[in-house]
Amino acid sequence: MASKFTELAIDCADPHGLARFWCSVLDYEVQDEGDGIVTIGSPEVPEGDKRLGPVPPTLTFAHVPEGKTVKNRLHLDVNPTDREQDEEVRRLLELGARYVDVGQGDESWVVLADPEGNEFCVLAGRRP
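Presented here is a report on the structure given in the accompanying data block. Along each chain, numbering runs from 1 in the same order as the chain's sequence is written. Per-residue local features are limited, in this predicted model, to residues with pLDDT of at least 70; the limit for side-chain atom pairs, both in listing and counting, is 80 or more; totals at the level of whole chains, interfaces and linings are taken over all residues. Side-chain measures here rest on the full set of heavy atoms in the structure, leaving out hydrogens and waters.

**A word on the pairing of strand β2 (residues 29-34)**
Heads up, the rule is: The pairing criterion is simple: DSSP has to find at least two bridges between the two strands. The way it works is that DSSP assigns letters per residue, a run of H or I at least four long becomes a helix, a run of E at least two long becomes a strand, and they are numbered from the N terminus.
Here five bridges tie β2 to strand β3 (residues 37-41), and the two strands are oriented antiparallel to one another. Opposite Val30, over in β3, you have Ile40 as the bridge partner. Counting the residues in the hairpin turn of β2 and β3 gives two residues, including Asp35, whose phi is positive at 50°.

**With respect to the packing of helix α1 (residues 15-26) against helix α2 (residues 85-95)**
Formally: In this analysis an axis means a line fitted to C-alpha atoms, helices contributing only their contacting stretch, and an angle means the value between N-to-C directions, from 0 to 180 degrees. Roughly parallel refers to an angle under 35 degrees, roughly antiparallel to one over 145, roughly perpendicular to one between 65 and 115, and oblique to any angle outside these ranges. Crossings are sorted by hand: turned counterclockwise from the far helix by less than a right angle, the near helix makes the crossing left-handed, and turned clockwise it makes it right-handed. Note on contacts: a residue pair is in contact if any heavy atoms of the two residues lie within 4.5 Å. Only Asp, Glu, Lys and Arg are considered charged in this grouping, and only Ala, Val, Leu, Ile, Met, Phe, Trp, Tyr, Cys and Pro are considered nonpolar; every other residue, Gly among them, is considered polar.
Packing of α1 against α2 leaves a shortest axis separation of 10 Å and a crossing angle of 160°. Considering the angle they form, α1 stands roughly antiparallel to α2. Considering the relative orientation of α1 and α2, their crossing is right-handed. Here Phe21, Ser24 and Val25 of α1 lie close against α2, whose contacting residues are Glu88, Arg91, Leu92 and Leu95. Along the lines of polarity and charge, the residues of the contact of α1 with α2 split into four nonpolar, one polar and two charged.

**Concerning α2**
What counts here: With a 1.4 Å probe rolled over the protein chains alone, any residue whose accessible area is under 20% of its type maximum counts as buried; one over 50% counts as exposed, and the rest are partly exposed. This arc is taken over the directions from the axis of the helix to the C-beta atoms.
Along α2, the residues that are buried comprise Gln85, Glu88, Val89 and Leu92. Taken end-on, α2 shows its buried residues confined to a sector of 100°, consistent with a single buried face. Looking one or two residues past α2, Gly96 carries a phi angle of roughly 125°, positive in sign.

**Some points on the layout of surface pockets**
Short version of the rule: The rule is simple: put a 1 Å grid over the protein atoms alone, call a set of points where a 1.4 Å probe fits but cannot get out a cavity, call an open set with protein on both sides within 12 Å along at least five of seven lines a pocket, and count a residue as lining if it has an atom within 4 Å of a point. Grid points are joined across faces, edges and corners, and a volume is the space filled by probe spheres set on the points.
When its volume is computed, the largest pocket comes out at roughly 680 Å³. Around the largest pocket, the lining comprises 23 residues; the ones closest to its centre are Val25, Leu26, Tyr28, Val78 and Asn79. Elements represented by at least two residues in the lining of the largest pocket include exactly α1, β5 (76-78) and α2. Per-class residue counts for the lining of the largest pocket are 12 nonpolar, four polar and seven charged. Its boundaries defined by the atoms lining it, the second largest pocket holds a volume of some 450 Å³. Looking at the second largest pocket, it is lined by 21 residues, and the ones nearest its centre are Ile10, Asp11, Lys68, Asn72 and Asn118. Counting residues per element, the ones that place at least two in the lining of the second largest pocket are β1 (7-12) and β8 (119-122). Of all the elements, β1 adds the most residues to the lining of the second largest pocket, at five residues.

**Structural notes on unusual backbone geometry**
Positive phi, close to 60°, is recorded for Asp27, a residue that is not glycine. Along the chain, Asp27 falls in the loop between α1 and β2. For Asp27, a relative accessible area of 61% corresponds to the exposed category. Positive phi, normally seen in glycine, also occurs at Asp35, with a value near 50°. Here Asp35 lies in the loop between β2 and β3.

This is how it looks when you write it as structure tokens:
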């Protein structure tokens, strides 16, 4: 059997604040917290990495003293499931995201940054 993707770790200045933002974006909930680390995940799959098949990955936010200095080399893509892209972008901006230009040009996706400046894309197609 191959490995499976179960968790993405994100260094940040404010794990609790960033976890709240991403819980709102993804409809996740806090699964664990302590010692400067907060883990969030889907309430639909409480067993997480113990499940045999694919699972929605958890996000773990860990406090680090260094700030973000350059464009992310890895980023998340989110896909609205119950609304159009422009409506989702407005919702995410209201949650604290902001527009960023990473040289993407005129594309079908919209590049935003979370409250700590981590870039992510909002895709145009809706998928459940």
